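Spelled out, the chains give:
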Amino acid sequence: MKNHYKQNLNDSLRKLRRDIPRITDMLRFGRGKDVDRWANIVDGKLLARLSPDFPLLATICGGGSSGKSTLFNSLVGEAFSPVGGSAGINRRVLISAHRELFSRTEDISSLFEPFECLPDPLKDKKDLTVPGCPLYVVSDAVPQNLVLMDTPDFDTGAKGVYMNRDVARQALESSDILIYVFTNSNYNNRENTDFISEMLTGIGMRKCFLVYRVYPSFKEEEVREHAMTVAHNIYGREADRYVMGIYRADEDNAVADGRRFMALRPVPNKDSSFMNALKTIDSRALRLELLSSILKDALIKAREVFELAKISHDELCLYFDILLTAQSHCVNEALQHFPMEQVMKRFAEIWMSTDPTHVKTMRKTGRLIEMPFKVLFGTARRVKNKISGTEIVDPTVDFIDKIEEDLLNAVNSMHYSVVSPEISVSATLKDPVAKRMLEAVQRIRAGKDLKDIQNPRVAESNGMGTLTFFVAAHPVVFQEQKKLQDSDWKSAVQSILSRRDVISQLSDVIEQDLKELADSLRSRMGVWAKIRQTFSALLNVVPATAAVTYILSTGDPVGAAGIKVKLTGLFGLHDLYALVAIPATTSLKKADQKQLDAVLGPIVQTWLNNKFKEVQDLFEQEITGGIIRVAKDVMDESENLINQIEVNIKACGKAMIS
Ligand SMILES: Nc1nc2c(ncn2[C@@H]2O[C@H](COP(=O)(O)OP(=O)(O)OP(=O)(O)O)[C@@H](O)[C@H]2O)c(=O)[nH]1
Ligand SMILES: [Mg+2]
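From a predicted model like this one, the values you see are computed outputs, not experimental measurements.

(A) Quick peek at the packing of helix α2 (residues 32-47) against helix α12 (residues 283-334). Remark: α2 packs on α12, axes separated minimally by 11 Å, with the N-to-C direction vectors making an angle of 150°. In terms of their interaxial angle, α2 and α12 are classed as roughly antiparallel. Like other packed secondary-structure pairs, α2 and α12 cross with a definite hand, here left-handed. Across the interface between the two elements, Asp-34, Val-35, Trp-38, Ile-41, Val-42, Lys-45 and Leu-46 from α2 touch Leu-291, Ile-294, Leu-295, Ala-298, Lys-301, Ala-302 and Val-305 from α12. Residue composition of the contact of α2 with α12, by class: eleven nonpolar, no polar and three charged.

In structure tokens form, the structure reads like this:
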């Protein structure tokens, strides 16, 4: 690999190392443990050891009391590591290497990097029987291309709780070759071989030597057969490829007494000693082979996380779209009753105040018939509007009750949706948001394995293109959901209801909108006379609680009596119409439907657009705000991160083949 490719690989790998755990945390799609292991391997085996000259780390491991420390001492030629006692005597890792290697301080600190510890020499071997950072001993008996490591066992303990598993895991993850020591009592222990298999074959296949501490009476064939059982349990069918040698260490009391070192014999019997086998490993070739296999696997894993992140991001976007659309539906629900009388009266006032001077003069001198307005303003109760300083009509008690009922239903269904484990909404495919939601559902389902296909779902509600979308609440909002669940909902409802006048009052924004509407109507309609008649007919009879029905464009508003207006500004509901049902009164019947639409339509629209915004703000303040904010922030941040991850996976792949 050329130098600049190596540099690119190093840079992109470092970025992936930073971003893969970040995206997993950010989108909370679980896999934390997998990703931790991946990160450890990238740290310990790739980033620290991209150089092919880095020595191989040979790890002696095995079950408790299998003879690991005895073997370690035998290889280094001195009883550094404590042996005997009860199983699990070693509580930390002991490292040994040639003096020459210890003079290369850079290599030594990279060696300790996976353990996140500074290297300390072994002073007292008792220190190894208490947990702590790895210790080292210098030994010129260790071949210069190797670092030898004695590790704690991984099977002392009970009921699945193992005393030394974490240290053993760290040691195995950082090892380049394994020296597995086993005995007749544990050679077929699947739990042990499964653990090693998981460590050695997950990311980058690592090779091993098998050391069988066995009775001298065992025949070579038996030893080989048992050793191959171990090999198959670790590597599966390809076992032969990964076993570098099988050795037997015959039980010997002189070894147990510490009078003699352990002697290893190759199986089948050859001249070469175990030490010789270690010395003649082509460590450079093995390191390169390992690096490319680890890198390949690390990238496969990174790609897997990347795909999961994309699915999770799609799920979050889908959740967000459904939530906002559901909120739009609830806002509609809160605005079922239109204070027609109140709004119309105020509009008439504004209209009159902006009459041309000659009309005002005529009105003052009584030359203009203005009976309907006199009736209106004469009977209405008035209150001072603090904001605009103008007079407005106080809404009737009956109407306020209706608003309160609507609002109560709406906030309760919003609250229910937002704290539920699953959220759903119906939408018509004519809406761009619904299209987007359907595409997200299809992408997620295509990327998910079939077992987990329950989330999300889409159901056809009727034959007219209306779909109902279901998605589980995304884990990124769990905390906010919990906050809402734990908060005092009853008092939140009280606080929302106490602000119901947000709906009934004419805010200064509406005032302004109505003024603009009056101007534009006047310019479109020309002279007062043309619509005077309509006003006269309408304003007297429109009931305060004219009910509003919302219809998606696929519904059938045709034929319904009332004013139909297209609404805008609500999230996800682009084809929404409001139909204001005007009870059939004689005066209204007489009114031309076209005039009704022309005059009342824009006023209804102005009011609803304004109120949507205000009620939506109220919902976001009291119910949905926290969840919307978290979802939006994570959506944006994770999208960036996913893009960066994609770029770096590609860059690593390119550097690898160069
Ligand atoms: N008879 C006999 N005993 C041995 C032989 N090799 C090791 N032992 C004994 O087996 C026991 C365990 O040996 P250790 O080397 O401490 O085993 P270990 O795998 O390091 O054990 P832990 O560190 O506790 O996991 C000790 O009492 C050793 O003396 C041998 O060849 N023959
Ligand atoms: Mg030991």
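(B) How the structure looks around the pattern of salt bridges. If you walk through the whole model with that rule in mind, you get 33 salt bridges. The closest approach of N and O atoms between Arg-37 and Glu-198, which form a salt bridge, is 3.9 Å. Of this pair, Arg-37 sits in helix α2 while Glu-198 sits in helix α7 (residues 190-201), placing them 161 residues apart in sequence. Ionic pairing is found between Asp-257 and Arg-259, a salt bridge with its closest N-O pair at 2.9 Å. In this structure, Asp-257 and Arg-259 share a single accessibility class: exposed. Overlapping salt bridges bring together Arg-18, Asp-19 and Arg-22 as one network.

(C) Just the pairing of strand β2 (residues 94-97), in detail. Burial of the side chains of β2 extends over both faces: Leu-94 and Ser-96 are buried on one face and Ile-95 and Ala-97 on the other. Where β2 meets strand β4 (residues 135-138), four bridges bridge the pair, whose relative direction is parallel. Across the sheet, the residue bridging to Ser-96 is Val-137, located in β4.

(D) How the structure looks around the nonpolar core. Residues Ile-179 and Leu-608 are the most contacted members of the largest nonpolar core, which totals 148 residues. Setting aside residues up to four positions removed in sequence, Ile-179 forms contacts with Ala-58, Thr-59, Ile-60, Cys-61, Leu-71, Leu-148, Phe-209, Val-211, Phe-274 and Leu-278. Residues Cys-61, Phe-154, Ala-227 and Val-243 belong to the second largest nonpolar core, which totals 29 residues.

(E) Just the state of the cysteines, in detail. The tally for this structure, following the rule as stated, stands at one disulfide. Across the disulfide from Cys-117 sits Cys-133; the S-S distance is 2.0 Å. Taking the torsion about the S-S bond as the criterion, the Cys-117 to Cys-133 disulfide, at about -60°, is left-handed. Of this pair, Cys-117 sits in the loop between α5 (105-112) and β3 (120-121) while Cys-133 is found in the loop between β3 and β4, placing the two residues 16 residues apart along the sequence. Accessibility expressed as a relative area gives 32% for Cys-133, which makes it partly exposed. Note on Cys-61: no disulfide assigned, nearest cysteine sulfur contributed by Cys-208 at a separation of 8.9 Å. Cys-61 gets classed as buried once you look at its relative accessible area, which sits at 1%.

(F) Expanded view of a negative patch on the surface. A contiguous patch of negative charge, built from Glu-220, Glu-221, Glu-222 and Glu-225, is present on the exposed surface. With respect to the secondary-structure elements, Glu-220 resides in helix α8 (residues 220-235). Classification of Glu-220 by relative accessible area gives partly exposed; the value is 34%.

(G) Representation of the sheet that holds strand β16 (residues 457-460) within the structure. Within the open sheet, the three strands sit side by side as β15-β17-β16. Their pairing is antiparallel. Looking at the sheet topology across the chains shown, the edges are occupied by β15 (422-428) and β16. In this sheet, neighbouring strand axes are inclined to one another by 20° on average, regardless of whether the strands run parallel or antiparallel. Pairing analysis gives four bridges linking β16 to strand β17 (residues 466-472), with the strands arranged antiparallel. Bridge pairing in β17 places Val-458 opposite Phe-469. On top of the sheet, helix α17 (residues 432-447) reaches β15, β16 and β17; it is set at about 50° to β17, its chief contact.

Cut-off values and rules
- Here the residue numbering is sequential within each chain, running from 1 through the sequence in written order.
- Whichever chain is written first is A, and whichever ligand is written first is 1; the rest continue in order.
- Confidence filtering applies because this is a predicted model: local features only for residues at pLDDT of at least 70, side-chain atom pairs given and counted only at 80 or more, and all residues used for totals across whole chains, interfaces and linings.
- Think of the side-chain values as coming from all heavy atoms in the structure, minus any hydrogens and water.
- Structural elements are reduced to axes, namely lines fitted to C-alpha atoms, with helices fitted over the stretch in contact, and the angle between N-to-C directions of any two is expressed from 0 to 180 degrees.
- Helix and strand assignments follow DSSP, with helices taken as H or I runs no shorter than four residues and strands as E runs no shorter than two, numbered in order from the N terminus.
- What sets the label is the angle itself: under 35 degrees gives roughly parallel, over 145 gives roughly antiparallel, 65 to 115 gives roughly perpendicular, and the rest give oblique.
- By definition, any crossing whose near helix is turned counterclockwise from its far helix by less than a right angle is left-handed, and any crossing with a clockwise turn is right-handed.
- Contacts are residue-level and defined by heavy atoms, with any inter-residue pair within 4.5 Å sufficient.
- Here the term charged refers only to Asp, Glu, Lys and Arg, the term nonpolar to Ala, Val, Leu, Ile, Met, Phe, Trp, Tyr, Cys and Pro, and the term polar to all other amino acids, Gly among them.
- Here a salt bridge means any side-chain nitrogen of Lys or Arg lying within 4 Å of a carboxyl oxygen belonging to Asp or Glu.
- Here's how the labels work: a residue is buried when its accessible area is under 20% of the maximum for its type, exposed when over 50%, partly exposed in between, all with a 1.4 Å probe on protein chains only.
- Note on pairing: two strands pair once DSSP finds at least 2 bridges between them.
- The term nonpolar core refers to a set of buried residues drawn from Ala, Val, Leu, Ile, Met, Phe, Trp, Tyr and Cys, joined through side-chain atoms within 4.5 Å.
- In this description, the term disulfide denotes a pair of cysteine sulfurs within 2.5 Å.
- Here the term patch refers to residues with relative accessible area over 30% and no salt bridge, with like charges joined within 9 Å and nonpolar side chains (Val, Leu, Ile, Met, Phe, Trp, Tyr) within 5 Å.
- Accessible surface is estimated by sampling points in the Shrake-Rupley manner with a 1.4 Å probe; for residues, cover comes only from the protein chains shown.
- A positive count includes Lys and Arg, and a negative count includes Asp and Glu. His and the chain ends are not counted in either.
- For the purpose of locating charges, the reference atoms are NZ of Lys, CZ of Arg, CG of Asp and CD of Glu.

Remember that the coordinates give geometry; whether it matters functionally is a separate question.
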